[in-house]
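These are the residues of each chain, in order.
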Amino acid sequence: MIYADNAATTKMSEAAINRMVEVAKENYGNPSSLYVFGQKAKEILEQARADVAGIINAAPREIIFTSGGSEADNQAILSAAEIGKKKGKMHIISSAFEHHAVLHTLEKLKKSGFEITLVDVHEDGIVRPGEVEAAIREDTCLVTIMYANNEIGTIQPIKEIGAVCRKHGVLFHTDAVQAIAHLHIDVEDQNIDMLSASAHKFHGPKGVGFLYVKKGILLTNLIEGGAQERGKRAGTENVPGIAAMATALCDAYKDLDARNASIQKKRDRLIEGLGKIEHSALNGDATCRLPGNVNYCFEGIEGESLLLLLDDKGIAASSGSACTSGSLDPSHVLLAIGRVHDVAHGSLRLSIDESITDEDVEYMITATKDVVEYLRGFSPVWRDLVAGKKQFIL
Ligand SMILES: *Cc1c(COP(=O)(O)O)cnc(C)c1O
């Protein structure tokens, strides 16, 4: 079996599993309790906070542990909206290809009177800082642009977007769920005010993540209750999960550059191999993308059928995002970069990690070629294209 869906979730590392079990077994105290059991758990929690903060050049008190990326995105955006509202600033800038945790939160705000501007992500899947600046108004309270896209892997010019926001005194949040553990992040240098991350995207456990919030920015609670997390996120902390997240994150940065170079080579071989399939196109910029992300459209086929047949061949991949599979709508990300419905339906995302071998790469290329050819063999759309009744787009 080849697992090539690391953008959806990753396999937990041995080290993260061991850490989680160790903490669950030996440090089961409540970190809010004053006796030794509690204080030991508290120590583990605070060490994890310091470790996570260190990775992105933040201060430990700027890290709030959450249940994952979605919660962090919700809290960041709703907090900035609350701050803006108090000053009569009710305009937010984002992009059309954000994760639904961002887009749906923005839709909710729109219903309560906020205005939302979505900047263009262009055909290459990259936001232009100049266009963000042009969209900023007197009443803009927040810019939220993802660091790297979860479907097509394109990396955004975060530092430049952050600089534009600083210049105009607008808060800047980035959903870095796909970027962290793959790219070097420095919130200070990159002008980031708020950042979301999730452990299960970097070989840590599911259901745990964090939000970085620059000192001085007032958070709004999503969960009321006890005074955990500086009173900003109630509920007894998931100590084993948080400790395992810190382990996974620190491990990811130990050999980041070497690992990335190796994964990137395999990514580029996949891009080259799949590019030989006729009437296909890579989605998103070829180089300004995550080291492990490949996303193709193949004309005349259905992505869902492609996935099922690849599954039969032992390959776990994705078409569109996990959240939209089960619906017949094509990916909002592919539509945002200008793919028409028919083409967007025939998409395939392979997101690989370091466990993928060169043989796996060759097998994925051959298997995809075979399946695309097979599906086109009885596709009415393909027949019309070949007969000239319809125009090829790719
Ligand atoms: C996975 C993902 C999320 C959601 O994270 P969860 O921890 O699953 O809630 C948010 N944003 C992006 C870009 C993601 O890839």
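Residues numbered from 1 in each chain as written. Predicted model: local features only at pLDDT ≥ 70, side-chain atom pairs only at ≥ 80, totals over all residues. Heavy atoms only, no water.

Taken together, 13 residues lie around the ligand, and Ser70, Asp175, Gln178, Ser198 and Lys201 are the ones closest in. Contact between the ligand and Asp175: a nitrogen atom at 2.6 Å from a side-chain N or O atom of the residue. Note that an oxygen atom of the ligand is positioned 2.6 Å from one of the side-chain N or O atoms of Gln178. Contact with the protein chains covers 86% of the free accessible surface of the ligand, which is 380 Å². Top element by residues in the shell around the ligand is helix H3 (residues 69-86). It accounts for 3 residues. (Near = heavy atom within 4 Å. Polar contact = N/O pair within 3.5 Å; in protein donor to acceptor, adjacent residues only side chain to side chain. Areas by Shrake-Rupley, 256 points an atom, 1.4 Å probe, with all protein chains shown as cover. Helix = DSSP H or I, 4+ residues; strand = E, 2+ residues; numbered from the N terminus.)

Looking now at helix H4 (residues 100-111). Across its 12 residues, H4 extends 16 Å between first and last C-alpha, which sits within 8% of the 16 Å expected from 1.5 Å per residue. Every buried residue of H4 is listed here: His100, Ala101, Val102, Leu103, Thr105, Leu106 and Leu109. A positive backbone phi angle near 105° is found at Gly113, which sits one or two residues after H4. (Expected span 1.5 Å × (residues − 1). Buried < 20%, exposed > 50% of the residue type's maximum accessible area, 1.4 Å probe, protein only.)

All right, on to the environment of Ser95 then. Within the secondary structure, Ser95 is located in strand E3 (residues 91-95). For Ser95, a relative accessible area of 0% corresponds to the buried category. Between the alpha carbons of Ser95 and Gln190 there is a distance of 19 Å; along the sequence they are 95 residues apart. Not counting chain neighbours up to four residues away, the residues in contact with Ser95 comprise Leu103, Leu118, Val119, Val121, Val127, Thr144 and Ile145. (Contact = heavy atoms within 4.5 Å.)

Another point: unusual backbone geometry. You will see that Asn191, though not glycine, has its phi angle at about 60°, which is positive. With a relative accessible area of 14%, Asn191 lands in the buried category. The phi dihedral of His279 is positive, around 55°, even though this residue is not glycine. Under the relative-accessibility criterion, His279 is labelled partly exposed at 22%.

Attention now goes to the nonpolar core. Ranked by size, the top nonpolar core spans 62 residues in total, and within it Ile56, Ile185, Leu195 and Phe210 carry the most contacts. By residue number, the principal contributor to this core is helix H7 (residues 239-254), which donates 8 residues. Both domain 1 (14-252) and domain 2 (256-387) contribute no fewer than three residues apiece to this core. In this structure, Ala4, Ile271, Leu274 and Leu350 belong to the second largest nonpolar core, which totals 28 residues. (Core = buried A, V, L, I, M, F, W, Y, C linked by side-chain atoms within 4.5 Å. Domains from an automatic or database assignment.)

The next point concerns the domain arrangement of the chain. Entries for the chain in the domain assignment read domain 1 (14-252) and domain 2 (256-387). Look at where the C-alpha atoms of domain 1 and domain 2 centre, and you get two points 29 Å apart. Every contact between the two is made by 30 residues of domain 1 and, on the other side, 25 residues of domain 2. Approximately 2100 Å² of surface area, both sides summed, lies buried where domain 1 meets domain 2, with 57% of it carried by carbon and sulfur atoms. Considering only the side of domain 1, the residues that lose the most area to domain 2 are His100, Glu151 and Ile152, jointly responsible for 32% of the buried surface there. At the junction of domain 1 and domain 2, the tally comes to 0 salt bridges. On inspection of domain 1 and its partner domain 2, the count reaches 13 residue pairs in polar contact (both at pLDDT 80 or more). If you list the elements that add at least two residues to the side of domain 1 that touches domain 2, you get H4 and H7. Here the residues of the side of domain 1 that touches domain 2 are counted per class, giving 12 nonpolar, 12 polar and 6 charged. (Buried area = accessible area lost by both parts, 1.4 Å probe. Salt bridge = Lys/Arg side-chain N within 4 Å of Asp/Glu carboxyl O. Nonpolar A, V, L, I, M, F, W, Y, C, P; charged D, E, K, R; others polar.)

Looking now at the confidence of the model for the chain. Mean pLDDT over the chain stands at 96; residues scoring 70 or higher make up 98%. Within the chain, the element-level pLDDT minimum falls on helix H11 (residues 341-345), averaging 91, and the maximum on strand E6 (residues 171-175), averaging 99. (pLDDT = per-residue confidence, 0-100.)

What follows is about the sheet that holds strand E7 (residues 194-198). Strand order in the open sheet formed by 7 strands is E2-E8-E7-E6-E5-E3-E4, and the pairing between neighbours is mixed. In this open sheet, the two edge strands, each paired with only one partner strand, are strand E2 (63-66) and strand E4 (115-119). Neighbour-to-neighbour, the strand axes of the sheet open up by a mean angle of 20°, direction not taken into account. Sheet topology places E6 next to E7; 3 bridges connect them, and they run parallel. Following the sheet pairing, Thr174 is matched in E7 by Leu195. Packing of helix H2 (residues 36-55) onto the sheet brings it into contact with E2 and strand E8 (209-213), and relative to E2 it is tilted by some 115°. (Pairing = 2+ DSSP bridges. Axes fitted to C-alpha atoms, helices over the stretch in contact; angles between N-to-C directions.)

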